[in-house]
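Residue-level structure breakdown
So the chains spell out like this:
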Amino acid sequence: MTPSAATPAYRRLSVEERRSQLLDAALSLFAHRAPEEVSLDDVAEAAGVSRPLVYRYFPGGKQQLYEAALRSAAEELRQCFDEPRHGPLLPRLSRALDRYLTFVDEHDTGFSALLQGGSVVETSRTTAIVDGVRRAAAEHILSHLGVCDPGPRLRMTVRMWITAVEAASLIWLDEDKQPEVGELRDWLVEQFVAVLTVTATRDPQTAALVGALTEDG
């Protein structure tokens, strides 16, 4: 008789490992399809588990799973701006943007559904999660600028630039990821300096920062 094929060893996952596995499967699906187009059956199949098991971990169904996946993506985006605070500012910003654009690239067409809303499963909670990413990014950047008490013009300028980065990322995806990602990153850094320079004409606090950036360069 021909020996039967070896059966792969089964390893029971811990609660956290299983939850992480389900979130990874969900994020992979949400990365390329709108949330309303993804079912729990799809997530179960992608994770190689049963639908009841998905419900065991996410009894609130797809809405709970989507929010958990969104929080996971949001945390990853927050970490993009977690750069050591030493050395010239603009290279630090470039490295943070490299990580941010890598996330956008890997999540491709699902970036809009994950971070920009427009989904039938969008709620005030999901909106708050996304807004939290923007606010965290702004705080990171202000910290890199060495500003403990930013005035309204400077804070508004930084938040406007973050919105511009999001918009540029979406347009980049729509334009088949052109220009090349390194060129996009450099252009966004130049835009950051440009908007600060405009604000500096009206705000002494920002003017001092622009002077320091010029000295760094």
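Predicted, not measured: the structure shown is a model, and the values here were computed from it.

1. Things to note about the pattern of salt bridges
- On inspection of all chains with the given rule, the structure shows 11 salt bridges.
- Two residues, R95 and E83, come together in a salt bridge whose shortest N-O distance is 2.6 Å. One end of the pair, R95, is in helix α5 (residues 89-107); the other, E83, is in the loop between α4 (62-80) and α5, with 12 residues separating them in the sequence.
- R95 sits in the partly exposed class, given a relative accessible area of 36%.
- In this structure, R185 engages D186 in a salt bridge whose closest nitrogen and oxygen atoms are separated by 3.0 Å.
- Overlapping salt bridges, with partners in common, bring together E83, R95 and R99 in one network.

2. Remarks on helix α9 (residues 181-200)
- With 20 residues, α9 extends 29 Å from end C-alpha to end C-alpha; this agrees with the ideal 28 Å at 1.5 Å per step.
- Among the residues of α9, G182, L184, R185, L188, V189, F192, L196, T199 and A200 are the ones counted as buried.
- Capping the start of α9, E180 holds a side-chain oxygen 2.9 Å from the backbone nitrogen of G182, two or three residues further along.

3. Notes on unusual backbone geometry
- Here the bond from Q178 into P179 is cis, since omega is 5°, no more than 30 degrees from zero.
- When you line up the elements, P179 lands in the loop between α8 (152-174) and α9.
- The phi dihedral of D176 is positive, around 60°, even though this residue is not glycine.
- Relative to the helices and strands, D176 resides in the loop between α8 and α9.
- Under the relative-accessibility criterion, D176 is labelled exposed at 65%.

4. Overview of the confidence of the model for the protein chain
- Of the residues in the protein chain, 88% reach a pLDDT of 70 or more, and the chain-wide mean stands at 85.
- The least confident element of the protein chain, judged by mean pLDDT, is helix α6 (residues 111-115) at 62; the most confident is α9 at 97.
- Here residues 1-10 scores under 50 on pLDDT; set against residues more than four positions off or in separate chains, the count is one contact.

5. Focus on helix α2 (residues 40-47)
- All of the buried residues along α2 are L40, V43, A44 and A47. Looking straight down α2, one finds that the buried residues subtend no more than 100° of arc, so they occupy a single side.
- Check the buried side of α2 and you find it contacts α1 (15-30), α3 (51-57) and α4.
- Among the residues trailing α2, G48 stands out with phi positive, at a value near 70°.

The rules we used
- Residues numbered from 1 in each chain as written.
- Predicted model: local features only at pLDDT ≥ 70, side-chain atom pairs only at ≥ 80, totals over all residues.
- Heavy atoms only, no water.
- Salt bridge = Lys/Arg side-chain N within 4 Å of Asp/Glu carboxyl O.
- Helix = DSSP H or I, 4+ residues; strand = E, 2+ residues; numbered from the N terminus.
- Buried < 20%, exposed > 50% of the residue type's maximum accessible area, 1.4 Å probe, protein only.
- Expected span 1.5 Å × (residues − 1).
- Polar contact = N/O pair within 3.5 Å; in protein donor to acceptor, adjacent residues only side chain to side chain.
- pLDDT = per-residue confidence, 0-100.
- Contact = heavy atoms within 4.5 Å.
- Arc of directions from axis to C-beta.

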